[in-house]
Each structure stands twice: as structure tokens, then as C-alpha cells.
Amino acid sequence: MQEKSTQVKLDEVQCGDGGAAITVLRFAGDITSASQTAVLGTYQALPVDAQRILLDFSKVEYLNSSGIALVIQLMIAASKHGQTIKTFGLTPHFQKVFTMVGITKYTSLHADEQTACAAFTA
Amino acid sequence: MQEKSTQVKLDEVQCGDGGAAITVLRFAGDITSASQTAVLGTYQALPVDAQRILLDFSKVEYLNSSGIALVIQLMIAASKHGQTIKTFGLTPHFQKVFTMVGITKYTSLHADEQTACAAFTA
Amino acid sequence: MTENIPGTIELHIPSRLGYEKIAMNTAASTARMMGFSDERVEDLKTAVAEACINAMEHGNKFDESLSVGIILSMSDDSLEVKVVDTGAGTQGHGTAPDIDRKMHEEEKARGMGMFLIQALVDEAEWVSSPPTGSYARMVIRLHPASEPLERK
Amino acid sequence: MTENIPGTIELHIPSRLGYEKIAMNTAASTARMMGFSDERVEDLKTAVAEACINAMEHGNKFDESLSVGIILSMSDDSLEVKVVDTGAGTQGHGTAPDIDRKMHEEEKARGMGMFLIQALVDEAEWVSSPPTGSYARMVIRLHPASEPLERK
Ligand SMILES: Nc1ncnc2c1ncn2[C@@H]1O[C@H](COP(=O)(O)OP(=O)(O)O)[C@@H](O)[C@H]1O
Ligand SMILES: Nc1ncnc2c1ncn2[C@@H]1O[C@H](COP(=O)(O)OP(=O)(O)O)[C@@H](O)[C@H]1O
């Protein structure tokens, strides 16, 4: 049987002002307890000089509390390295869930890539 | 409890060449055994001079064999009155189902309103 | 991931028209999880809905205190759906509707459910009155091409 | 249409991660059929998925031969979902996660399921070890505003 698993794509984008490149982790599929490698493994493989990180949830179909816990673990690691994380592409429902859990204290949620990107230089 | 029922909207459209008006029955929601009034009742209330009839299924969410039977009954009545019926907006799945059942011998299925409309004058 | 898919999924719905949509959507979620294409999922949805309506009407006589059971059994490359009712069942097979006879009112407009079930799934049978209840049984396969004997 | 909604819908899934999506989608179809808004349907989906995962993990210890039961009971203006397992249950209530403590690793990153359930539905309770099995019970209402005492 073929279960929907997590897909991750790594991108580097430049945001308007020509500042430092931004690293984008584009998630797709499900983010659950089975997504350890996809979430934390991908993060750990990033070059240490990646200071601005964007999490793209726009292709995520299913996200549960174990998946959110992995996102929190990623944020803990990033905060230790002084990296800034911004998030976009969450549905209104999961924006609400992230807010309920309090994650918004440590990352900002944006509607789309452009606004998230612009928020780094604002 | 609020069950999804059938909604019907009646429209008159003119097709390109300025020929006789075309009557459009726009269905939405479910077409099932509960749709007798929506399908046959609406048809019976049409003016007798409505010679070209278009069935719009593009907003239909659920269609079962009892609903298809009502469409066949509508086609029987229309054929008695010498009216021509064309159909559009069925999903590929229901185009296949209509074809399996043989309805395509008595009506033509079109992708959208424009092509269905144009087929009257072709 | 282990290749051994455990257990089955079982659903019970009241014998009330409209509730077949719940069964249809549960079957669709299961088929999607297994990796069936959108087209096959649509085929299964119609087949399951028709079997549930027949179970409610002909099997359970629309007695809302009787439920219709939907048993989904997954294997590596196929999904079997049994739709169980409390009636005497049928041994009929879906005969193709004759649209000309329907249009000339020599055959009733309805009576297409079993035909559609048969036409839309890879395997369909009706089993009458075993101890566990009469049922319609439908199978869709992930790789039907590799089983030429089973193809329609 | 009669105002008296008959019966209930019952679903059984194996205790295997991933299958909670089937329960989540069945609950969603039911809520949609009842006329709940997309927003409430999304809330219910997350609550049901979390309750199923807890039933699989803490209740049934991921024993795939044990199933998780999902019992959907509809009334005119509310939908109750009970998620039943074979374990000893919990009487805990969802306590809000402390994100600062999590970020400083003084609290484990996970442990948000019960809190989310509590926060997303109109009523939630956990019942430990009645004869029929421990369960989480969740209710969403079509018109919560008319019941000010129940509002969160
Ligand atoms: N679950 C069932 N139990 C008993 N009889 C059935 C069942 N399903 C189908 N049948 C019989 O087969 C006939 C054909 O069914 P079908 O092709 O679905 O058309 P329809 O339900 O519109 O008559 C029914 O009229 C009924 O006599
Ligand atoms: N169905 C259940 N059966 C037994 N214990 C449960 C059940 N659901 C929740 N619990 C208990 O409540 C705790 C908190 O659950 P939850 O908030 O969902 O977080 P998590 O499952 O991540 O620990 C669990 O660790 C468990 O001890």
C-alpha cells in the first residue's frame, strides 16, 4: 500500500532588495510523526550560514499535532543557531491551530511567499 | 438536519447567431430520487415553445442512478414534444456513466456551455 | 513499511437515503490512501453508493432501525468492499439497460444500479443470504493489467 | 423531511497510524451533510484525527489487531463523536501547551492533542473504562451562539 508521505524540496530565493539568499523548505503531502527525516533531517543538512529560512506549507494536505511538534523542534534548533524562520501557505484552519499552540510567538505566519519574503527585510 | 437537495435555476440564453432563445436548466447540489420536482417539475413548467433545452450539470455534486433515471424521463417527455436536449458540465466520470447507460444516443454531452450552445446551430 | 496490511475498516450507516454518501466518501478515502487514481476512486464511489441504496431499499426495506454494513478489506494491490444488508439478497447480475426501450417506455427508466456496479469495478458479485447477511461484493485492483483473466 | 434523525454511524479502523485519516474524512462527510460550515468541519477533522491517534497509541498500544471505534450520533443541531479504544483511558483534560517552555526544552515538543481537541470543539470529555470501552467524546453544535452557557 502506498501511504502519502512527506515530500520536501529545497529552494534558494532572493527577495527584492538583493540581500542574502533565503532558504525555502517546501513541504508537500502529510506532516506527521513519520516526518522526522523530512522535517528535522532536511533542516540539519542545511548549510550553517543559512540565516533566513522560509517554511512553505502550501502543498501540505494533512498536518497533525505530532507534525506540529516536529516543526517546533525545528524552531528550537533554528533559534539555537540564531536563524530566523518565517512561514507561509498554511490554510486558515492551520493558521488558527498554530496560533492556539502559541508558535506565532517564535515565527510569523504569512499568506504567501511574497509577503513572507518581504517580511525578512521589513 | 440540512440535507443537500437539488437547486435549479432557469435561464434563457442567445447563442451567437441570434436564432431562437435557448432554455437552460442549471442544476446544483444532488440529483437523486428526491429530485423529481426539481427535474421533472421544472421541465413541465417550461413554456411549450421552448424547443432547445440545455442541461447544465456543472454545479452538481452528487448524481446517482435514480437521478439519471429522472434525466431519462425528462428526455422522454422532451422527445414527445419534439424538443432537442443538449448537456454540458458533467465531470469526465459522469460523461462515462451517461455513455455506459446509452443516454448519448438521445442527447449530446459537451464540455462547456459555449460548445453545447454552438452545437444547436451546427 | 510492512507489506502486510492489517485488518479491515467497517462502517455502519442507517437505512436512510442520503447516508450512502458517507459510505461513498469513506470508501473513497480508503482507496485514495491506497494510491488509486482519481478515476478509479470516482468509479468506486458510484459503485458503493448504488450498492448502499439497493441495500437500504431492497434489502432493509428502508427500515431506519436496520443498518447497512460496509466492510472494506485492503490487500497490497486491491480493495474489496462488501455492502451487507438484512434482506434475502439477489443473485441477479447487472444487465445492461436498453436505452431505446427506456425511451419508448417499454422498460422503466430506473434499474441501472447493478449494471453500473458491474461496469465500474474490476469484479462484482451478489451473495444471497449467507449467515452473515446478503451482500454485494466489489473489488478494484491497483494493477488490473497484470491479471488478464480478470479484465473486463 | 422528518426532524427525527435516526440511528448513528459507526466506523471501526485498525490501530495503525494513517488510518485516522479515514475516520477524519468520515466525520467530515457527516458534518458536511448536516450543514456545518467548512471552518467547523476543519475543526472537527483535526479533533477526530487527534482522538484517533491517542486511541491507537495510548489506548490500544498500536496493537493492529485492536480496532478504534468512531461513533457518530447526529441530532437536529449537533454532532457527537465518540472515539473508543480498549485501554484504561484518561481523565485528563487538555492543558494548554506552554510554547516558551517547549522552546527552552523544559517541556516536550509534543503533547498538544488533548488541548487541540478541547479548543476546537464545543464540548469535549474523556471517560475512563466504562464497560463499553474508554472514549473521548466531542460535540460540535450548529448554533452554539444560542447556548451561551456552553460557549468557550
Ligand atoms: N441488496 C439487494 N437485496 C435484494 N434485492 C436486490 C438488492 N440489490 C438489487 N436487488 C434486486 O435487483 C434489482 C435491480 O437492481 P438495480 O439494477 O440496482 O435497479 P433498481 O434498484 O433501480 O431496481 C432490484 O430491483 C432488486 O429486485
Ligand atoms: N485514549 C487514551 N487512552 C489513554 N491515555 C490517553 C488517551 N488519550 C490521551 N491520553 C493521555 O493523555 C496524554 C496527553 O495526550 P495528548 O495531549 O494527546 O498528547 P500526546 O499524545 O502527544 O502525549 C497522553 O500522553 C496520555 O497519557
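Residues numbered from 1 in each chain as written. Chains lettered and ligands numbered in written order. Predicted model: local features only at pLDDT ≥ 70, side-chain atom pairs only at ≥ 80, totals over all residues. Heavy atoms only, no water.

S.K.: Can you help me understand the pattern of salt bridges in this one?
M.R.: Think of it this way: side chains of opposite charge can pair up when their charged atoms draw near. Scanning the entire structure with this criterion turns up 41 salt bridges over all chains. A:Asp11 is paired through a salt bridge with A:Arg26; the nearest N and O atoms lie 2.8 Å apart. Within this pair, whereas A:Asp11 is found in strand β1 (residues 6-13), its partner A:Arg26 is found in strand β2 (residues 22-31), the two being separated by 15 residues in sequence. Among the residues examined, A:Asp11 registers a relative accessible area of 23% and is labelled partly exposed. We note a salt bridge from D:Asp43 to A:Lys96, for which the minimum N-O separation is 2.7 Å. Residue D:Asp43 is located in helix α2 (residues 38-59), and its partner A:Lys96 is located in helix α3 (residues 92-101); the two belong to separate chains. (Salt bridge = Lys/Arg side-chain N within 4 Å of Asp/Glu carboxyl O. Helix = DSSP H or I, 4+ residues; strand = E, 2+ residues; numbered from the N terminus. Buried < 20%, exposed > 50% of the residue type's maximum accessible area, 1.4 Å probe, protein only.)

S.K.: Would you take a moment to explain the site of ligand 2 for this structure?
M.R.: Residues and elements named next belong to chain D. Taken together, 13 residues lie around ligand 2, and Asn-54, His-58, Asp-85, Arg-110 and Met-114 are the ones closest in. His-58 places a side-chain nitrogen or oxygen 2.8 Å from an oxygen atom of ligand 2. Within the side chain of Asp-85, one N or O atom sits 2.9 Å away from a nitrogen atom of ligand 2. Coverage of ligand 2 by the protein amounts to 76% of the 540 Å² it exposes when considered alone. (Near = heavy atom within 4 Å. Polar contact = N/O pair within 3.5 Å; in protein donor to acceptor, adjacent residues only side chain to side chain. Areas by Shrake-Rupley, 256 points an atom, 1.4 Å probe, with all protein chains shown as cover.)

S.K.: What should I look at first to understand unusual backbone geometry in this one?
M.R.: Across the chain, the bulk of peptide bonds are trans and the bulk of non-glycine residues have phi less than zero. All names here are of chain C. Of note in the backbone geometry, Lys-61 takes a positive phi value of approximately 50° without being a glycine. Summarising the element assignment, Lys-61 is placed in the loop between α2 (38-59) and β2 (67-74). Positive phi is not limited to glycine here, since Ser-129 has a value of about 55°. Tracing the backbone through its elements, the reader meets Ser-129 in the loop between β4 (123-127) and β5 (135-141).

S.K.: Before we go on, may I ask you to explain the sheet that holds strand β4 (residues 84-88) of chain B in this structure?
M.R.: Strands in a sheet are paired, the pairing made by backbone hydrogen bonds, and the direction either parallel or antiparallel. All names here are of chain B. If you trace the five strands from one edge of the open sheet to the other, you get β1-β2-β3-β4-β5, paired in mixed fashion. Only two strands of the sheet have a single partner each, and these edge strands are β1 (6-13) and β5 (108-110). Sheet twist, expressed as the mean angle between neighbouring strand axes with direction ignored, is 25°. As defined by bridge partners, β1 adjoins strand β2 (residues 22-31) across eight bridges and the pair is classed as antiparallel. (Pairing = 2+ DSSP bridges. Axes fitted to C-alpha atoms, helices over the stretch in contact; angles between N-to-C directions.)

S.K.: What's the story with the interface of chain A and chain D in this structure? I'm lost.
M.R.: Often, the extent of an interface is quoted as the loss of accessible area on bringing the components together. With 26 residues of chain A at the contact, the number on the chain D side is 29 residues. When chain A packs against chain D, the two sides together hide about 2,300 Å² of surface, and 63% of this comes from carbon and sulfur. Viewed at the interface, chain D and chain A are joined by 11 residue pairs in polar contact (both at pLDDT 80 or more). Contributing elements (two or more residues each) for the side of chain A that touches chain D: α2 (65-80) and α3 of chain A. If you tally residues by element for the side of chain A that touches chain D, the top one is α2(A), at nine residues. Classifying every residue of the side of chain A that touches chain D by side-chain character gives 13 nonpolar, seven polar and six charged. (Contact = heavy atoms within 4.5 Å. Buried area = accessible area lost by both parts, 1.4 Å probe. Nonpolar A, V, L, I, M, F, W, Y, C, P; charged D, E, K, R; others polar.)

S.K.: Sorry, what's going on with the packing of helix α1 (residues 20-34) of chain C against α2(C) here?
M.R.: In helix packing, the relevant descriptors are the interaxial angle and the interaxial distance, both defined with respect to the helix axes. Residues and elements named next belong to chain C. Packing of α1 against α2 brings their axes to within 8 Å, and their N-to-C directions diverge by 145°. Viewed along their axes, α1 and α2 form a crossing whose handedness is right-handed. In this structure, α1 uses Glu-20, Ala-23, Met-24, Asn-25, Ala-27, Ala-28, Ala-31 and Arg-32 to contact α2, whose residues at the interface are Val-41, Leu-44, Lys-45, Val-48, Ala-49, Cys-52, Ile-53 and Met-56. Residue composition of the contact of α1 with α2, grouped by class: 12 nonpolar, one polar and three charged. (Left-handed = near helix turned anticlockwise from the far one by under 90°.)

S.K.: In this structure, what is going on with the packing of α2(D) against helix α4 (residues 113-120) of chain D? I would like to understand it.
M.R.: All names here are of chain D. At a minimum axis separation of 9 Å, α2 and α4 run at an interaxial angle of 150°. With respect to each other, α2 and α4 are oriented roughly antiparallel. In this structure, α2 crosses over α4, and the sense of that crossing is left-handed. Packed against α2, whose contacting residues are Arg-40, Asp-43, Thr-46, Ala-47, Glu-50, Ala-51 and Asn-54, the element α4 presents Gly-113, Met-114, Ile-117 and Leu-120 at the interface. (Parallel < 35°, antiparallel > 145°, perpendicular 65-115°, else oblique.)

S.K.: I would appreciate a short explanation of the packing of aromatic side chains in the present structure.
M.R.: All told, the structure shown has four aromatic pairs over all chains when counted by the stated rule. With a centroid separation of 5.9 Å and 70° between ring planes, the pair formed by B:Phe57 and B:Phe98 is classed as edge-to-face. Residue B:Phe57 is located in strand β3 (residues 52-63), and its partner B:Phe98 is located in helix α3 (residues 92-101); the two are separated by 41 residues in the primary sequence. The burial state of B:Phe57 is the same as that of B:Phe98; both residues are buried. Counting every residue linked through ring pairs, the aromatic cluster contains A:Phe27, A:Phe57 and A:Phe98. Between A:Lys86 and the ring centre of A:Phe120, over which it is positioned, the NZ or CZ distance is 5.5 Å. (Phe/Tyr/Trp six-rings, centres within 6.5 Å; stacked < 30°, edge-to-face > 60°. Lys NZ or Arg CZ within 6 Å of the ring centre and 35° of its normal.)

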